[in-house]
Amino acid sequence: MCTLSRQRKGSIHELVQMILRERFCHQRLPEKPVGMESQHKHLLELLRRTAVHGESNSVLIVGPRGSGKTMLLNCVLRELLEVKDVNKNVLPVHLNGLLQTDDRIALKEITRQLNLENVVGDKVFGSFAENLAFLLEALKKGDRSSSRPVLFILDEFDLFAHHKNQTLLYNLLDVSQSAQAPVAVIGLTCRLDVLELLEKRVKSRFSHRQIHLLSSLSFIQYLDNVRSQLSLPQDFPDTKFYDEWNDSIKTLCEDQSVVDVLQRHYNSSKDFRSLHLLLMLALSRVSASKPAIKPTDLLEASRVCMVDSKANILHGLSILELCLIIAMKHLNDIYEGEPFNFQMVHNEFKKFLQRKSHSIHNFDKPVVMKAFEHLQQLELIKSMDSSTAKIQKEYQLMKLLLDHSQIMEALQKYPQCPTDVKQWAMSAFG
Amino acid sequence: MVRYFTRLRVRRIYKWGGRPYIFDRKLKSYGFEYLNMSVEGQEAVTTVTPGQYILIEGNDDEYPFVAKLLKFFGDESHKQKKALVQWFLRLSEVPQNKKLLLGRSPHPQEIFYYLGRACDNEINAESILGTVHVQHVPEDTPFPEPGTKDTLYVKLSWDTKAFNVLDPVLMQDTPASTPPKPALPLFPPCASPTATPVSRGPVRRALPTPDPTVMRRAGSVSDTRATMSAGKRSTLEAESIHSASKLSASKILSAKRRGSAADTPGVRKKLQLSIGASPGKKMTRADVLCELLDEEMESEKVISLKLSSSVSHSLQHGCSLSPMRSVCKTPNGQRRFPWKLSSISLDRLSPTALGEQDFSRATTPSRRKESAMAIREPALGVLAEEDSEDSPMQPIALTPRSKRKSAQLVSLRIRKQLNLLDNTQELISDGDDDCFVPSKKDLQSSSDEEKTVSEEETRGRNCKTSVRTPHKTPSKKALQSSTDEEKSEEETVVRKTRGRNGKTSARTPCKTPSKKVTPSTPRHATPSIPSRTVPARQPGNILDEARARLHVSSVPESLPCREQEFQDIYNFVESKVMDGTGGCMYISGVPGTGKTATIHEVIRCLQHASDMDEIPTFRFIEINGMKMTDPHQAYVQILQKLTDQKVTADHAAALLEKRFSNPAPKKETTVLLVDELDLLWTRKQNVMYNLFDWPTRRHARLVVLTIANTMDLPERIMINRVASRLGLTRMSFQPYSFKQLQQIITSRLNKVKAFEEDALQLVSRKVAALSGDARRCLDICRRATEICEHSASHPSSTGLVRMSHVMEALDEMFSSSYITAIGCASLQEQLFLRAVIAEFRRLGLEEATFQQVFVQHRALSRVEGLQPISVSEGLAVCQRLGACRLLLLEASRLDMLQRVRLNVSQDDVLYALKAVRD
């Protein structure tokens, strides 16, 4: 009996984890896109006209990363395909600028997805020129009322603008502006200046419809959003647990420390993706023994999210490497950010050794060199010369990729750091 | 079937009869009272006098042209024989699309009085075949039912537009029963196996005029010659006259070669007929032919020498002939030389021979043919029949002489047939694969043997006749190998003819040289988008309707505001099409000013005009620099659109080069639209060079219209020799003014009341001020209708599109999103932008490294009372701003050292940030 209930409890936690993970990992589309109702309506209307009336359109969805462009589009498509007339009548073609890096690949992919007659199995026959001619011919043959509308979805639209002559974009947009098969060209991009990338002919053929996804979410809305994101859906099987969980979430969101953490995140970025990352980390701490998210979980998650990436590397350095970095820091102070070379760093380090020879072992130059190279491999220092081969290693000019504050912070936290070294870090003459 | 054969053997002799009277002193032309026609070897003479109805040799044996003879005239030497005629048309000569205008089924013997102007009414008198009886039937009376076969009835007139009731006055002066039945058939008796044995020799020697055969050949030779390049002519003119005879002999050979090479079933049939005429003589045919040709040559030589004094100048044409007269080349001669010249030389020189008659006929009334463009059924049979019925013929067995003659005629026949090929579409139909031009007529393979015999003969002769001109070499080569090139050339000719007649059969010719069948490749895939199951819904309310009309893709009824440009382009293209010449035109203008649309409109109008027979037909081909992957693909696309062949770029360039530089029969003008010309730029500019060079070729008949955006493209990117060929025919499309834009929208809306006047004016003024791009204007209007629709509380209660809606649409499309984007950025992002500006001010530069900015950022956040963020976070903020392109960043691998620049002006940033704080 006892084990059974425990098992049930365990399974409930798995269920919670599953539901929320799906939500945070963007595996399931939300019921309704939040905070972008007008854009949703606009896009849906536009695509519906293409699908139902056969009207050709072109549109760009612009918004910063993580602002929900793809989510919006997918919601619209889902809604569109639920309409019975439309379902079997549209041909969506998904392209991504990161995958289809040139027009040749893109054309093959379009042809494959449209499953035109020069596709056998999964293979597209014909040369680049033939493919282009074939596709254009196919689109040309179609007409508004009888052909199936084709929805071209170009993810990372700006990358397509870098293709040679922008042939693909020109042709797609040209089709959308002429009496051929109905198409809708939907571009997704995060670049606000994407229109400037288009060549004037291509630009003229684009309808200049842009849907901007710029969230002007206030912090209150942001908090609400966090709560709704963490809450369980109403159709959750165990009502008792459902109530418990949702209550705990409510109290969590009212906790001052949690609000502070969220405020900090909100100040940093408003997009949902970073929020989801934070909540995901907090969620992963939920288990059968700990059936709710506590404020500490969120604080810890926030700490993990906010941590400086280089601080961890610095903690793993040897004392010698740390000393070299301190020497570089002093050189930076002296020469006002001018690049340095190994010899300078070594001299600086030697001076320190002469003063405090008792506190640190006197390393040979090759050993120091080795440590220096290690730092370079860790990309804490970066060579400034493009042609590294010509100059001797000792004299290659380097720059430090660390901020003062980062170094000082690392020294504070470094376990068993010699006091002399700490003092040296504070002052060049310490 | 026999009657064809009879006509084949005809050698008719034409002589002027009556006293000549001076007709025009200046031109030194003489009128003649009548013309005596006699068939060689027969005593009987047919007299043709003006006022009679005559049959004129056409490209259709069954149905020769019908005309009423008005006047005979000739020149001083009495060798030129010409006639003025009033044409009559058979229904088959009426364009296909006009036939329905008749409104009833035509009587088989019915002809129409021709009132059109398009047709030259001056013909070569030697193309007259004989007389015919034409009877005028009043409109309301029916055709006399059991009419004799040789009477034609005329009821209506045809003026290229419509059938009208024929004014009987026009037919008044007809001597009612003119056709004086010839005492003898015009066609030789060798028609049937029992033909009269004719002593051909005496007749010939008795000729007061030069041997018609020679003369004719010389004449035809001149035409052939004309097909060769003009440059070679001068060298050949130096050749002595007697070479004409040899050449004429070799011409027979070439004709035969063509016969064998072209492998026309029609030819086969003729050959077979001749076999039928001399049954059992097949085996000796080659020998006989040999003998005959030798003799022929001798006699011709003699006569041509005789001739030389009187007609030396016309023989200059004659001796400049070349034996290489391939199918596709022949009719081009007509084009190359002015009509007059060729017809004169023909008239002076060509007597009765069939092939030549056909040819000369094709010369003179070919305008009419062009307009008629219809399929003619051979009509000679009728005539032959008539003649044979009327005349008492002595049935005689074939003599060797006549056999020889027949052999010779066979070759002539072949040539004639090949001439026919150029003009007759009847012969073209889908047939078996090894025939270029399969005939509808039944194929009888028994003639194969005969054909090979003649081919062998040809070869033999070819060796004997010493090769005089360089042209012979290619012809010989062609004879022996009949190379692919020639074939493809012939093919294109055939295909062209076909295309012209609207018989757009999709079947590609079988012998396309490029046709490599790659297995497993879906080569014959048809490009198409699957069709939808539910038909597209039609626009519902007024706004939907307006939106559909405002879509750029909808083709408006007219193109307002480009009347002048339209007219200029129209005139340019029309004049080129009319003259059959070529030319280039360069059209520039910023995007969305209607360049391509105007040209399409021009072509639509011209196409309509050519449908109405106002101008000759032409082909329109469109290529777009943006719609090809490589400039050299232009060749491939042009060739594919011209001939449906798929070849590689290099091969296509070669084929096009050949096509546009060589003469070809019935070549129609090609109008080539090259859109986005600048994309065809290559380092050597050979694509552009060729595109502009072809129109300057003599036989190209190519009009190239080029479009690009920049006005000075020729100066900027073209090297001199390309720019020079492009010429100075330029036109630039100015951006639309606001009034024009307004007019465009109004004309598109076409009384659909969806916009307020002011709203339209606002849109057009705004767009005119920015770009003058009509596409933009239409897009904004479309967006405004959407906004209007959405803003309405009920979908049914949508009113007009008002200013506010247009304003909103304009804002959406034109306002920069940077300021909104900054406003919507997170606090740290805004802070970072401020730090960037602060750092810029500190440095006095518009560029700083991240490290420097980050120091500022940290200071600023302390001032703002915010917890300072770590470097990683700062970098993330910076990257986010960089991804939106609010900041311009260096590659992120530089980490803290990457330089940062603003992509927006500092003022904009400060303005946006200030707006956020307030």
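Residues numbered from 1 in each chain as written. Chains lettered and ligands numbered in written order. Predicted model: local features only at pLDDT ≥ 70, side-chain atom pairs only at ≥ 80, totals over all residues. Heavy atoms only, no water.

Enquirer: Talk me through the overall build of chain B; I want residue IDs and the actual numbers.
Expert: Check the secondary structure of chain B and you find 35 helices and 21 strands. Out of the 918 residues belonging to chain B, those deemed buried represent 59%. When the accessible area of chain B is evaluated, it comes to approximately 36,200 Å², of which 54% is carbon and sulfur surface. (Helix = DSSP H or I, 4+ residues; strand = E, 2+ residues; numbered from the N terminus. Buried < 20%, exposed > 50% of the residue type's maximum accessible area, 1.4 Å probe, protein only. Areas by Shrake-Rupley, 256 points an atom, 1.4 Å probe, with all protein chains shown as cover.)

Enquirer: Run through the overall build of chain A, naming residues and quoting values.
Expert: For chain A, the count of helices and strands is 21 helices and nine strands. Counting across all 430 residues of chain A, residues that qualify as buried make up 55%. Summarising the internal contacts of chain A: among those between residues at least 6 apart in sequence, 72% fall at separations of at least 24. (Contact = heavy atoms within 4.5 Å.)

Enquirer: Pulling in residues and values, what's your account of the nonpolar core?
Expert: Across soluble globular proteins, nonpolar side chains have a tendency to be buried as a group. Counting 76 residues, the largest nonpolar core has Leu 114 of chain A together with Ile 529, Phe 832, Phe 850 and Leu 887 of chain B as its most contacted members. Not counting chain neighbours up to four residues away, the residues in contact with Phe 832 of chain B comprise Phe 850, Val 853, His 857, Gly 874, Val 877, Cys 878, Leu 881 and Leu 887 of chain B. (Core = buried A, V, L, I, M, F, W, Y, C linked by side-chain atoms within 4.5 Å.)

Enquirer: Can you lay out helix H19 (residues 365-377) of chain A for me, pointing to particular residues and giving the numbers?
Expert: Residue and element names in this part refer to chain A. The first and last C-alpha atoms of H19 sit 18 Å apart over 13 residues, in line with the 18 Å expected at 1.5 Å per residue. Looking at H19, one finds that the buried residues are Val 368, Met 369, Ala 371, Phe 372, Glu 373 and Leu 375. Buried residues in H19 make contact with helix H17 (319-335), helix H18 (342-355), strand E8 (381-383) and strand E9 (398-400). Immediately beyond the C-terminal end of H19, within one or two residues, lies Glu 379, with a positive phi of roughly 60°. (Expected span 1.5 Å × (residues − 1).)

Enquirer: Explain the packing of aromatic side chains residue by residue, including any values.
Expert: In this description, a pair of aromatic rings is defined by centroid distance and the angle of the planes. This model, assessed by the stated rule, comprises 12 aromatic pairs over all chains. For the ring pair Phe 660 of chain B and Trp 694 of chain B, a centre distance of 5.1 Å and an interplane angle of 35° mean the geometry is tilted. Placement of Phe 660 of chain B in helix H23 (residues 649-661) and of Trp 694 of chain B in the loop between helix H24 (686-693) and strand E17 (702-708) is noted, with a sequence separation of 34 residues between them. Residue Phe 660 of chain B shares its accessibility class with Trp 694 of chain B, and that shared class is buried. Counting every residue linked through ring pairs, the aromatic cluster contains Phe 219, Tyr 222 and Tyr 266 of chain A. Between Arg 562 of chain B and the ring centre of Tyr 736 of chain B, over which it is positioned, the NZ or CZ distance is 4.2 Å. Positioned above the aromatic ring of Phe 738 of chain B is the side chain of Arg 765 of chain B, whose terminal nitrogen or guanidinium carbon lies 3.7 Å from the ring centre. (Phe/Tyr/Trp six-rings, centres within 6.5 Å; stacked < 30°, edge-to-face > 60°. Lys NZ or Arg CZ within 6 Å of the ring centre and 35° of its normal.)

Enquirer: Break down unusual backbone geometry for me, with residues and values.
Expert: All names here are of chain B. One non-glycine residue, Asp 613, adopts positive backbone phi at about 65°. By the element assignment, Asp 613 lies in the loop between helix H21 (595-611) and strand E15 (618-624). Relative accessible area serves as the criterion here: at 30%, Asp 613 is assigned to the partly exposed category. Positive phi is not limited to glycine here, since Glu 676 has a value of about 50°. As for its position among the elements, Glu 676 is in the loop between strand E16 (669-675) and H24.

Enquirer: Summarise the environment of Glu 14 of chain A; cite the residues concerned and give the values.
Expert: Residue placement: Glu 14 of chain A occurs in helix H1 (residues 2-24). Remark: the alpha-carbon pair of Glu 14 of chain A and Ala 288 of chain A, spanning 274 residues in sequence, is separated by 8.7 Å.

Enquirer: Describe the interface of chain A and chain B, naming the residues involved and giving the relevant values.
Expert: Contact with chain A, which involves 91 residues of that partner, is made by 77 residues of chain B. With both chains or domains summed, chain A and chain B bury close to 7,300 Å², and 52% of this area falls on carbon and sulfur atoms. Ranking the residues of chain A by area buried against chain B places Leu 192, Arg 201 and Asn 267 of chain A at the top, with a combined share of 9%. At the boundary of chain A and chain B, one finds 10 salt bridges. Between Asp 403 of chain A and Arg 858 of chain B there is a salt bridge, with its nearest N and O atoms 3.7 Å apart. The set of elements that each furnish at least two residues to the side of chain A that touches chain B consists of helix H2 (37-53), helix H6 (128-141), helix H8 (167-176), helix H10 (200-205), helix H13 (256-268), helix H16 (309-315) and helix H20 (404-413) of chain A. Among the residues making up the side of chain A that touches chain B, the classes are represented as 32 nonpolar, 29 polar and 30 charged. (Buried area = accessible area lost by both parts, 1.4 Å probe. Salt bridge = Lys/Arg side-chain N within 4 Å of Asp/Glu carboxyl O. Nonpolar A, V, L, I, M, F, W, Y, C, P; charged D, E, K, R; others polar.)

Enquirer: How would you explain the environment of Leu 80 of chain A if you had to name every residue and give the values?
Expert: Residue and element names in this part refer to chain A. Its location among the elements puts Leu 80 in helix H3 (residues 69-82). With relative accessibility at 0%, the residue Leu 80 sits in the buried group. Setting aside its immediate chain neighbours within four residues, Leu 80 contacts Leu 44, Leu 47, Arg 48, Ala 51, Val 86 and Leu 151.

Enquirer: Summarise the side chain of Glu 55 of chain A; cite the residues concerned and give the values.
Expert: Looking at the secondary structure, you find Glu 55 of chain A in the loop between H2 and strand E1 (57-62). Residue classification places Glu 55 of chain A among the buried positions, given a relative accessible area of 5%. Here Glu 55 of chain A is in contact with Arg 49, Thr 50 and Val 183 of chain A together with Arg 547, His 551 and Arg 782 of chain B, once residues within four sequence places are set aside.

Enquirer: Residue-level account of the sheet that holds strand E2 (residues 91-96) of chain A, with values.
Expert: Residue and element names in this part refer to chain A. Read across the sheet, five strands follow the order E2-E5-E6-E1-E7 without closing on themselves; strand pairing throughout is parallel. Of all strands in the sheet, those with a lone pairing partner are E2 and strand E7 (210-212), marking the two edges. The average angle at which neighbouring strand axes cross in this sheet is 15°, direction not considered. Both E2 and strand E5 (residues 150-155) contribute to a ladder of six bridges, which runs parallel. Considered in E5, the bridge of His 94 is made with Ile 153. Relative to the sheet, H2 contacts E1, E5, strand E6 (183-189) and E7, its axis offset from that of E1 by approximately 155°. (Pairing = 2+ DSSP bridges. Axes fitted to C-alpha atoms, helices over the stretch in contact; angles between N-to-C directions.)

Enquirer: Any chance you could break down the confidence of the model for chain B for me, citing the residues and the numbers?
Expert: Per-residue confidence for chain B gives a mean pLDDT of 67; residues scoring 70 or more make up 55%. Scored by ipTM, the complex comes to 0.92, with pTM at 0.63. (pLDDT = per-residue confidence, 0-100.)

Enquirer: Outline the sheet that holds strand E18 (residues 730-733) of chain B, listing residues and values.
Expert: Residues and elements named next belong to chain B. Read across the open sheet, the five strands follow the order E15-E16-E17-E14-E18; overall the sheet is parallel. Each having just a single partner strand, E15 and E18 make up the two edges of the open sheet. Recorded for the sheet is a direction-independent mean angle of 15° between the axes of neighbouring strands. When E15 meets E16, the two strands line up parallel, connected through seven bridges. Residue pairing in the sheet places Ile 621 in a bridge with Leu 672 of E16.

Enquirer: Residues and numbers for the packing of H20 of chain A against helix H21 (residues 419-426) of chain A, please.
Expert: Residue and element names in this part refer to chain A. Between H20 and H21, the shortest axis-to-axis distance is 11 Å and the interhelical angle comes to 160°. Put simply, H20 runs roughly antiparallel to H21. For the pair H20 and H21, the sense of crossing is left-handed. Residues Met 408, Leu 411 and Gln 412 of H20 form the contact with H21, whose own contacting residues are Lys 422, Ala 425 and Met 426. Considering only residue class, the contact of H20 with H21 consists of four nonpolar, one polar and one charged. (Parallel < 35°, antiparallel > 145°, perpendicular 65-115°, else oblique. Left-handed = near helix turned anticlockwise from the far one by under 90°.)

Enquirer: Got a sec to walk through the confidence of the model for chain A? Specific residues and values, please.
Expert: Confidence along chain A averages 86 in pLDDT terms, with 96% of residues attaining 70 or more. In this model, residues 1-6 of chain A is a region of pLDDT below 50 whose contacts with residues beyond four sequence positions or in other chains number zero contacts.

Enquirer: Quick one: what's the story with the pattern of salt bridges, residue by residue and with numbers?
Expert: Overall, the coordinates contain 46 salt bridges over all chains when judged by the stated rule. Linking Glu 156 of chain A and Arg 65 of chain A is a salt bridge whose minimum nitrogen-to-oxygen distance equals 3.6 Å. In this pair, Glu 156 of chain A is assigned in the loop between E5 and helix H7 (157-160) and Arg 65 of chain A in the loop between E1 and H3, connecting sequence segments 91 residues apart. With a closest N to O distance of 3.8 Å, Glu 676 of chain B and Arg 205 of chain A form a salt bridge.

Enquirer: Quick one: what's the story with the packing of H17 of chain A against H20 of chain A, residue by residue and with numbers?
Expert: Residues and elements named next belong to chain A. Two elements in contact, H17 and H20, have axes whose closest approach is 11 Å; the angle formed by their N-to-C orientations is 145°. For H17 against H20, the interelement crossing comes out left-handed. Here Leu 322, Ile 325, Ile 326, Lys 329 and Asp 333 of H17 come into contact with H20, specifically with His 404, Ile 407, Met 408 and Leu 411. Partitioned by chemical class, the residues of the contact of H17 with H20 number six nonpolar, one polar and two charged.

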